[in-house]
Amino acid sequence: MTLQKPIQRALISVFYKDGLAPIVEKLHANHVEILSTGGTLSFIQDMGIPVTAVEEVTKFPEILGGRVKTLHPAIFGGILNRRDFAPDQAHMAEYQLGPIDLVIVDLYPFEQTVVSGATHSDIIEKIDIGGVSLIRAAAKNYNDVLIVPSVKQYSELLEILNNQGATSSLAQRKAFAAEAFHVSSHYDTMIHQYFMNGKSANLKISEAKQSPLRYGENPHQKGVFFGDLEALFTKLHGKELSYNNLLDVDAAVRLMLEFKQDGPTFAILKHNNACGLATRPTLKAAYQAALAADPVSAFGGILISNQEVELDTAILINDLFCEVLIAPAYSKEAVELLQSKKNRIILVQNNIELPTILVRSALNGYLVQDADMATEGPEQLEVKTKIAPSADEITDLLFANKLVKHTKSNTIILAKGGQLLASGTGQTSRVDALKQAIHKAKSFGFDLQGAVMASDAFFPFPDCVEIAHLEGINAVIQPGGSVKDDLSIAYCDENQMKMVFTGVRHFKH
């Protein structure tokens, strides 16, 4: 079996013509016979290079408005015949079929048509049939055929033609075949997702774009990000995002979506949790209040704003070492200043929607769930105590409840006046989470008198409200649902505390 195979006959049928001309010229210079269809045929003819229409080979015209072009034994027999298998070659001779050694084909732009908002009928017409069949046939017979399944492989093919003429090695054919099966698999997955409208009894994920990371969660682990970061962010400055950066950025972006329509809001995150967040009349004041909540944890954190960062705020930010800064926009002066730190990553967040389905590996499979899109407003609050919270307290309770939704369980949030005072995060006991939050708030000089408390889940016992009351916290928001809710409510009534239920638990693991 010869590993290096000559290319004597090629089939070219592509949607995208960019970069095709040099390949056609090189094939012609190497005396390769070229077959083609439709627009590609016209393109090659306009170059003045000899080309044979597929109809001349099949003796059958294109039909159904171009839906059927290459689906014919004269084409697929030419691709799929095994050169070293005598029965195949006997059939080739019997039916006078010629072998095809190179297939260059791409697929109709289905994904782009869906994104463009085209009509259903236009989208259906962009489901490629012949192209996918050609790709799979040529890839299956990689032992004898070289398949180029996308414009992305044009440069690699041209390099082969320049370096070794019209020949290909087995290793090259196998590598191109692997990419071909990826292209066809991804294409089918996108079609399936379109038909299922994002919901399916089967888990099918395909993301063509990937970004290798320096390492994973730790230096001894490999890491890759699959997705289109450039669609979500415009990077203005700094080093590449790391695995841990991306997890923190995801947490930051999802948190700030809760405050997208609010006044100037600034958040600082560390290890996926907010260590500072505040809403104020100006962004500068919001940043100062967010930083005050925990200036120690803020070191090396992820910063995010819901409004344009101007120079006054940038001057303060520039004094802090932070990994990443995210905002919808920056003033020119702010960017110039913030770029003074070489490795600081500065991102402009573009206005695109995040996935509403979350996927993570677990054991020997995957867990899939809807993203937590529930955000409670005043109308969802059920006052459970004799005394109802004031309007200002309700504002703070809802503020704290947004934060508790995006903090690792078990968690308690303490807030006052549109500012996170402290949080207890990721504790095995809700009491421990509250004690941690109280300790942090006091260590940074906060007075808890008049503060509010939010819990991600119900209180199984009244101990948390008792501890909170002793610290001057008089308003509480929680989902409710414990068989002992009455004990917590009774304690609040006895001590003039206010408590509201949301009916919605916000665990985050």
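Residues numbered from 1 in each chain as written. Predicted model: local features only at pLDDT ≥ 70, side-chain atom pairs only at ≥ 80, totals over all residues. Heavy atoms only, no water.

Q: Can you walk me through the pairing of strand β14 (residues 322-327) in this structure?
A: The two faces of the sheet receive side chains in turn, since in a regular strand these alternate between them. Among the six residues that make up β14, six are buried, leaving the element largely enclosed by the rest of the structure. Alignment of strand β13 (residues 301-305) against β14, held across four bridges, turns out to be parallel. Looking at the pairing, Ile 304 lines up with Ile 326 of β14. Assessed by its sense of winding, the connection that carries the chain from β13 through helix α14 (residues 311-317) to β14 is right-handed. Summarising the sheet, β14 and strand β15 (residues 345-349) pair through four bridges and their orientation is parallel. Following the sheet pairing, Leu 325 is matched in β15 by Ile 346. (Buried < 20%, exposed > 50% of the residue type's maximum accessible area, 1.4 Å probe, protein only. Helix = DSSP H or I, 4+ residues; strand = E, 2+ residues; numbered from the N terminus. Pairing = 2+ DSSP bridges. Right-handed = clockwise from strand over helix to strand, strands pointing away.)

Q: Is there a simple way to think about the packing of helix α1 (residues 21-29) against helix α9 (residues 154-164) in this case?
A: Geometry of a packed helix pair, given as the angle between the helix axes and the separation of the axes. α9 packs onto α1 with a crossing angle of 25 degrees between their chain directions and a minimal axis gap of 10 Å. Looking at the two axes, α1 sits roughly parallel to α9. Crossing angle aside, the handedness with which α1 passes α9 is left-handed. Contacts between α1 and α9 involve Pro 22, Ile 23, Lys 26 and Leu 27 from the former and Tyr 154, Leu 157, Leu 158, Leu 161 and Asn 162 from the latter. Tallied by class, residues from the contact of α1 with α9 come to seven nonpolar, one polar and one charged. (Axes fitted to C-alpha atoms, helices over the stretch in contact; angles between N-to-C directions. Parallel < 35°, antiparallel > 145°, perpendicular 65-115°, else oblique. Left-handed = near helix turned anticlockwise from the far one by under 90°. Contact = heavy atoms within 4.5 Å. Nonpolar A, V, L, I, M, F, W, Y, C, P; charged D, E, K, R; others polar.)

Q: Would you take a moment to explain helix α2 (residues 38-46) for this structure?
A: Listing the buried residues of α2 in full gives Thr 40, Leu 41 and Ile 44. For α2, the arc enclosing every buried residue in end-on projection is 105 degrees, short of the 170-degree limit, so these residues lie on one face. In the core, the buried residues of α2 are packed alongside β2 (9-13), α1, β3 (33-36) and β4 (52-53). Within two residues after α2, Gly 48 carries a phi angle of roughly 80 degrees, on the positive side. (Arc of directions from axis to C-beta.)

Q: Whenever I open this one, the sheet that holds strand β19 (residues 412-415) confuses me. Can you help?
A: Backbone hydrogen bonds are what pair the strands of a sheet, in a parallel or an antiparallel way. If you trace the six strands from one edge of the open sheet to the other, you get β18-β23-β22-β21-β19-β20, paired in mixed fashion. On the outer flanks of this sheet lie β18 (382-383) and β20 (420-424), each paired with one strand and no other. Taken together, the three bridges between strand β21 (residues 452-455) and strand β22 (residues 475-478) define a ladder with parallel strand orientation. Paired with Val 452 across the strands is Ala 475, a residue of β22. Sheet contacts for helix α17 (residues 430-443): β19, β20 and β21; angle to β20, the most-contacted strand, approximately 145 degrees.

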